Amino acid sequence: MGALLRSLEGKRVAIVVGSGGVGKTSVSAAIALSRAMEGGRTLVCTIDPARRLATALGLGSLGNAEALVPAEAFARSGLAPKGQLFAMMLDVKRTWDDLVARHAPDAATRDRILGNRVYQQVSGALAGSQEYMAMEKLYELSTERDYDLIVLDTPPTSHALDFLEAPDRILDFVGNETARKLFAPAIDAGRFGARLLQAGTGFVAKTLSRFTGSDVLSDVGDFLGQFQGMYDGFKERASAVRTLLTQPEVGFVLVASPSPLSVDEALFFHDHLRKAGMPVAGAVSNRVTPDLWPFPGGLPGTEPVAEALAAALASAGPGTEDLAARLALTLQEHQAFARSDAREVERMRRGAPGPHVAVPRLPGDVHDLSGLAALAAHL
Amino acid sequence: MSGSELLDRRLVVVTGKGGVGKSTVSAALAMLAARRGKRVLVAEVDARERVAPMLGGRPSGPVIREVLPGISTVDVDPRHALEEYALMVVKVRAIYQAVFENRVVRFFLRAVPSLAETLMLGKILHEARSETSGRPRWDLVVVDAPATGHAVQLLGVPRALLATVPGGPLRRDAEWMQALLSDPVRTAIALVSLPEEMPVTETAELDARIGKELSLPRGPVFLNAMPRELYTEGERERLRAVLDAPPPLGPAARAAVLQAEQRVRASAQATRLRELVGRPLIPLPLLAFDRWGRRAVERIADAMEGQV
C-alpha cells in the first residue's frame, strides 16, 4: 500500500481536488476500489457531466442514486473484492430540489420556489452551484449512510475556492435583509414596499431595472421572499458542512498532472485548505513520464546506438543506421518530457509537504476496473 | 465545415475538456492569422492568463494590449465587464459608483442568473462586431473559452436569456449576441481534444451539445498531441527483444516501444473520434519541448498551416 492510501486509512471521507483533465475521477475511483478490495463498504461520488466514472465502472447511468458495482464487473476484470463498491453521479439540480423540499415549511412554498425562474437558474447555472451541491450531497451521504469511506470526485472547477466559498456566497445573497427589501417590491408592495422603493433604495432599484429590465428584478424579489423562511435551515446546514470538512476523519487529496498550470492550481488549493484548517491527506502527481536515463553522462547520439543495435541484433542489415537515428531521437524526446515532468513533481512535493505519490503514465487510459486496480497499486 | 475557412470567420470560440491544450490552439490560431496579415484579438475568459505569456508577453489583464505585431490579448473578467457595460447604460460614473459598487447590489449581481457570463460574453462579442471608421476593429476574435461544462454555460447564455427575459436592455443584447453566435458565416466553435479515451468521449458529447442543444455552428476538431508514426510493426518486435539491453540500447528501445505503443493507441482514438463527430480531424503534433513557450506555439501554427 502506497503513502496516499496509508494516509487515508481511518478516514471516512476523501475529497479529491485538482484542475480538469488530471485524472481526478480515476484517482477517486481507485481510492474507493482499493478500500473495497480490503473489505470496506465504499462509495465514489462524481459530478462530471461526461459520465466518465460510469464508463470506468461499467455502469450504464448513475443519476444521483448509489449503485452497487456488480460482481460480474469485478469478475470480468479478475478482481475479487472482500467489500462492496458503490458509485453515484451527482445530479446538481435534483440535489437543490431535495434541499428545498427538506427545508420548505409546506408543500405550497416548496412548489412556488421550485417553479420560480430565478430558482431554476440558481440551481442550474449559477457559478459555484455545482460545488455547493457537491458539498451538500457529501454531507448528506456522510451523515445518513453508513459507508466506511466516501470518496468525492469534485467537478473540474474553474475556481478551486468555489468549494469553500460558494455556499456562503450564495447564502449571503439569498439571506441578505437589505437585498430582500430592495428586490422584493412584488411581495412587499401591499405593505410598506412601495414606500421603501420611493425612498433611497428606489433610486438603486430603478437604475438596476434600466439595466436588467424590471421583470428580472421582481423575479429575484419573489425568489428572495419565498426563500426567507428557509434561510436559517440552509445556513445551519452549510455551516455543518464546513465543520465536517475540518474533521480529522476527512482528508483532501490533491491531484495534479506534471504540468506547470496543474501544479500551480493544486498548490493554490493546498495553501487555502491549510489556512482554512482543512486536513490534506496527500498529493498525487499523476501520469508522470518515467526517467529512462538515470545515468551519468549525456544522452547518446546515433552512433553508439547504432553500434549497440548492430551488436545486439547480429544481422545489422541496411536499415540499422536509420533506425538508430530514430531511436536516439525518441530517447531524447522522451527525456525532455521526463525532465519537465520531474521538475513539476518536485515543485508539487515541496509545495505540498506530506504524503506524496508519483504515478507513472500507465500504458493506456484507465477506463475499467483492472485499470483502476493498477492505478491503486501506485497510490 | 472543414478547417479551411476557419480563419476567415470573425469569431472563433475554442473549447474542449480541461487540459487538452485550448490555450495553445488559441495562441497558434492567432499566430497563423497574424502571419496572414490579420489583426487578431485573443480573449480569455476569467482565467489565469496563459496566451500572452505563451507568446512571450506580459499578461494583459482586463485591458486589451498588443503582445505581438497584429496580436492583442485580453482577459475578460466579470467585474470589469460589468463596469464597462454598466457605464454604457447609465453613462454617468457617479451613478455607476452609487449603484453598482453598493455591497448589496454586488450580491445581487452575482446571483442574477448568468449575469457574469452574459457580461463577459457580451464584452467579447461586442469586440467581434465593433468597427472603427467603417472597418472591423478586429479581423478575427479568438475566444480561449472555459472547459466543457462552463463553455456550454457561457455559450448558452443568450439563448437562456431569450427564454427567460421578456424585455428590456438585457433582452435586446441577448438578441444580437445570439444572432452573431449562431451565424455560420461569422462564427465557428472549434473543439480541441486529445487522442485518449476520456477526452474523445467528452469531445464527442460536447460536439453534439453544441450542435443540438445550443444550435451553434460547429467548426473543426483539433486533435492535439498526436504522436508521430516512427516505427514499423516489424521494428517494434525487434526492439521488444532488446528492452533489457545495457545502455544506450535498452533505454532507447524502451523509449521507442513506449512511443510506438502510444502512437497505436492514439491512432485508434483518432479513428474513434472521427467516427463519433462524423468529420475529418485536424491533427497537431505531440512536441517534446522542455518548456512551453512561443517556439512551441510557432511549431503548432506551422502544423496548422494548410489545414485552417
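Remember, predicted model here, so these are calculated numbers, not experimental data. Numbers given for residues are sequential positions, taken from 1 along each chain in its written order. Going through the entries in the order they are written, you letter the chains from A and number the ligands from 1. Totals for whole chains, interfaces and linings use all residues, but because this is a predicted model, local features are given only for residues with pLDDT of at least 70 and pairs of side-chain atoms are given and counted only at 80 or more. To get the side-chain values, take all heavy atoms of the structure and skip hydrogens and water.

Chemist: Account for the overall build of chain A, naming residues and giving values.
Modeler: Helix and strand definitions here come from DSSP, where helices need a minimum of 4 consecutive H or I residues and strands a minimum of 2 consecutive E residues; each element is numbered from the N-terminal end. When its secondary structure is counted, chain A shows 18 helices and eight strands. Counting contacts in chain A only where the partners sit at least 6 residues apart, residues at least 24 apart contribute 78% of the total. Per element, the accessible surface of chain A, about 14,800 Å² overall, is 53% carbon and sulfur. Contacts between residues were defined by any pair of non-hydrogen atoms, one from each residue, lying within 4.5 Å. Here the open area of atoms and residues is found with the Shrake-Rupley method and a 1.4 Å probe, where only the protein chains shown may cover a residue.

Chemist: Give a description of the overall build of chain B that names residues and reports values.
Modeler: Within chain B, the secondary structure is distributed over 13 helices and ten strands. Three labels apply to residues, based on accessible area from a 1.4 Å probe with only protein chains included: buried if under 20% of the type maximum, exposed if over 50%, partly exposed otherwise in between. In chain B, which comprises 308 residues, the share counted as buried stands at 57%. For chain B, restricting intrachain contacts to residue pairs at least 6 apart in sequence, the fraction spanning at least 24 positions comes to 72%.

Chemist: Describe the side chain of Thr-24 of chain B, and please don't skip the residues or the numbers.
Modeler: All names here are of chain B. Note that Thr-24 resides in helix H1 (residues 22-35). For Thr-24, a relative accessible area of 7% corresponds to the buried category. N or O atoms within 3.5 Å of each other form a polar contact, as long as, within protein, one can give a hydrogen and the other can take it, and as long as residues adjacent in sequence are counted only when both atoms are side-chain atoms. A distance of 3.2 Å separates the side chain of Thr-24 from the side chain of Trp-292, its partner in a polar contact.

Chemist: Before we move on, can you summarise helix H11 (residues 233-240) of chain B with the specific residues and values?
Modeler: Every α-helical turn comprises 3.6 residues, leaving residues that sit three or four positions apart pointing alike. Here H11 of chain B has its buried residues at Glu-235, Arg-236 and Leu-239 of chain B. All buried residues of H11 of chain B project into a common sector of 100° when viewed along the axis, lining one side. Elements that come into contact with the buried residues of H11 of chain B comprise helix H17 (320-351) of chain A together with helix H12 (249-277) of chain B. Arc definition: it is the arc formed by the directions from the helix axis to the C-beta atoms.

Chemist: Help me get a handle on the side chain of Arg-237 of chain A, residues and values and all.
Modeler: All names here are of chain A. Note on placement: Arg-237 falls in helix H14 (residues 231-245). Only 2.8 Å separates the side chain of Arg-237 from the side chain of Glu-136, close enough to count as a polar contact. Here Arg-237 is in contact with Leu-99, Arg-102, His-103, Glu-136, Tyr-139, Glu-140 and Glu-144, once residues within four sequence places are set aside.

Chemist: Before we move on, could you go through the sheet that holds strand S1 (residues 11-16) of chain B and cite the residues and values that matter?
Modeler: Residue and element names in this part refer to chain B. If DSSP finds at least two bridges between two strands, the strands pair. Reading across from one edge, S3-S4-S2-S7-S1-S8-S9-S10 is the order of the eight strands in this open sheet, with mixed pairing throughout. Each edge of the sheet is formed by a strand with only one pairing partner; in this case those strands are strand S3 (65-68) and strand S10 (281-285). When the angles between neighbouring strand axes are averaged without regard to direction, this sheet yields 25°. Strand direction decides the pairing type here: strand S2 (residues 40-45) and strand S4 (residues 71-76), joined by six bridges, are parallel. Each residue of the ladder has a partner; that of Ala-43, found in S4, is Val-74. Helix axes are fitted to C-alpha atoms over the stretch in contact, other axes to C-alpha atoms as well, and angles between N-to-C directions run from 0 to 180 degrees. Along the sheet, helix H7 (residues 148-155) makes contact with S1, S2 and strand S8 (187-193), crossing S1 at roughly 145°.

Chemist: Talk me through the packing of aromatic side chains; I want residue IDs and the actual numbers.
Modeler: All names here are of chain A. Stacked, edge-to-face and tilted labels apply to pairs of Phe, Tyr and Trp rings (six-membered ring for Trp) whose centres lie within 6.5 Å, assigned for plane angles under 30 degrees, over 60, and everything in between, in that order. Using the criterion set out here, one finds six aromatic pairs over all chains in the structure. Consider the rings of Trp-96 and Tyr-119, whose centres lie 6.2 Å apart with planes at 85°: the pair is edge-to-face. With Trp-96 in helix H5 (residues 92-103) and Tyr-119 in helix H7 (residues 117-124), this residue pair connects regions lying 23 residues apart in the sequence. Per residue, the accessibility class of Trp-96 equals that of Tyr-119, and both read buried. Linked through ring pairs, Trp-96, Tyr-119, Tyr-132 and Phe-234 together constitute an aromatic cluster.

Chemist: I'd like a rundown of the pairing of strand S7 (residues 280-288) of chain A, residues and numbers included.
Modeler: All names here are of chain A. Most of S7 is tucked away: seven of the nine residues are buried. Inspection of the sheet shows strand S6 (residues 250-256) paired to S7 by five bridges, in the parallel sense. Within S7, the residue paired with Phe-252 across the bridge is Val-280. Seen with the strands pointing away from the viewer, any crossover whose path from the first strand over the helix to the second strand runs clockwise is right-handed. The handedness of the S6 to S7 crossover, carried by helix H15 (residues 260-275), is right-handed. Across four bridges, S7 lies against strand S8 (residues 356-360) in parallel orientation. Bridging across to S8, Ser-285 finds its partner in Ala-358.

Chemist: Now, about the confidence of the model for chain A: what can you tell me, with residues and values included?
Modeler: Overall, the predicted model of chain A reaches an average pLDDT of 83, with 81% of residues at or above 70. pLDDT expresses, on a scale from 0 to 100, how confident the predictor is about each individual residue. Between residues 186-200 of chain A, whose pLDDT stays under 50, and residues either more than four places distant or in other chains, the model counts 13 contacts.

Chemist: Tell me about the confidence of the model for chain B, residues and numbers included.
Modeler: Per-residue pLDDT for chain B has a mean of 90; in total, 96% of the residues score no lower than 70. Of all secondary-structure elements in chain B, the lowest mean pLDDT belongs to helix H5 (residues 103-111) of chain B, at 66, while strand S7 (residues 140-144) of chain B reaches the highest, 98.

Chemist: Kindly report on the pattern of salt bridges, identifying the contributing residues and their values.
Modeler: Here, a salt bridge means any side-chain nitrogen of Lys or Arg that lies within 4 Å of a carboxyl oxygen of Asp or Glu. For the structure on display, the rule yields 36 salt bridges over all chains. When the shortest N-O distance is used, the salt bridge between Asp-8 of chain B and Lys-38 of chain B registers 3.6 Å. Taken together, the positions of Asp-8 of chain B in the segment before S1 and Lys-38 of chain B in the loop between H1 and S2 put the pair 30 residues apart, joining distant regions of the chain. For Arg-236 of chain B, the salt bridge identified is with Glu-233 of chain B, shortest N-O distance 3.1 Å. With Arg-236 of chain B and Glu-233 of chain B both in helix H11 and three residues apart, this pair spans about one turn of that helix. In this structure, a network of salt bridges that share partners links the residues Arg-102, Lys-137, Glu-140 and Glu-144 of chain A.

Chemist: Account for the nonpolar core, naming residues and giving values.
Modeler: To qualify as a nonpolar core, a set must consist of buried Ala, Val, Leu, Ile, Met, Phe, Trp, Tyr and Cys residues joined through side-chain atoms within 4.5 Å. The biggest cluster of nonpolar side chains holds 57 residues, and the ones touching the most others in it are Ile-15, Trp-96, Tyr-132 and Phe-234 of chain A. Considering each element in turn, this core owes the most residues, seven residues, to helix H8 (residues 129-144) of chain A. Discounting residues that sit within four places of it in the chain, Ile-15 of chain A has contacts with Met-135, Leu-138, Leu-152, Thr-154, Leu-245, Val-250, Gly-251, Phe-252 and Val-253 of chain A. Residues Leu-115, Leu-121, Trp-176 and Val-277 of chain B belong to the second largest nonpolar core, which totals 54 residues.

Chemist: Talk me through the pairing of S6 of chain A; I want residue IDs and the actual numbers.
Modeler: All names here are of chain A. Most of S6 is tucked away: seven of the seven residues are buried. A two-sided burial pattern is seen for S6, the buried positions comprising Val-250, Phe-252, Leu-254 and Ala-256 on one face and Gly-251, Val-253 and Val-255 on the other. In this sheet, S6 lies alongside strand S1 (residues 13-17) in parallel orientation, the contact comprising five bridges. Bridging from a neighbouring strand, Ile-15 pairs with Phe-252 of S6.

Chemist: Go over the environment of Met-54 of chain B with me, naming the residues and quoting the values.
Modeler: All names here are of chain B. Position of Met-54 among the secondary structure elements: in helix H2 (residues 51-54). Separated by 31 residues in the primary sequence, Met-54 and Ser-23 place their C-alpha atoms 8.6 Å from one another. Sequence-distant contacts of Met-54, that is, excluding residues within four places in its chain, are made with Ser-23, Thr-24, Ala-27, Trp-292, Gly-293, Arg-294 and Val-297.

Chemist: Give me the lowdown on the packing of H17 of chain A against H12 of chain B, citing residues and values where you can.
Modeler: The interhelical angle for the contact between H17 of chain A and H12 of chain B, taken along N-to-C directions, is 75°, at an axis separation of 8 Å. Compared by their axis directions, H17 of chain A and H12 of chain B come out roughly perpendicular. Counting all contacts with H17 of chain A, which are made through Leu-327, Thr-330, Leu-331 and His-334 of chain A, the residues of H12 of chain B involved are Leu-249, Pro-251, Ala-252, Ala-253, Ala-255, Ala-256, Leu-258 and Gln-259 of chain B. Taken together, the residues of the contact of H17 of chain A with H12 of chain B break down into nine nonpolar, three polar and no charged. Working definition: roughly parallel below 35 degrees, roughly antiparallel above 145 degrees, roughly perpendicular at 65 to 115 degrees, and oblique for all remaining angles. The nonpolar class holds Ala, Val, Leu, Ile, Met, Phe, Trp, Tyr, Cys and Pro. Asp, Glu, Lys and Arg form the charged class, and all remaining residues, Gly among them, are polar.

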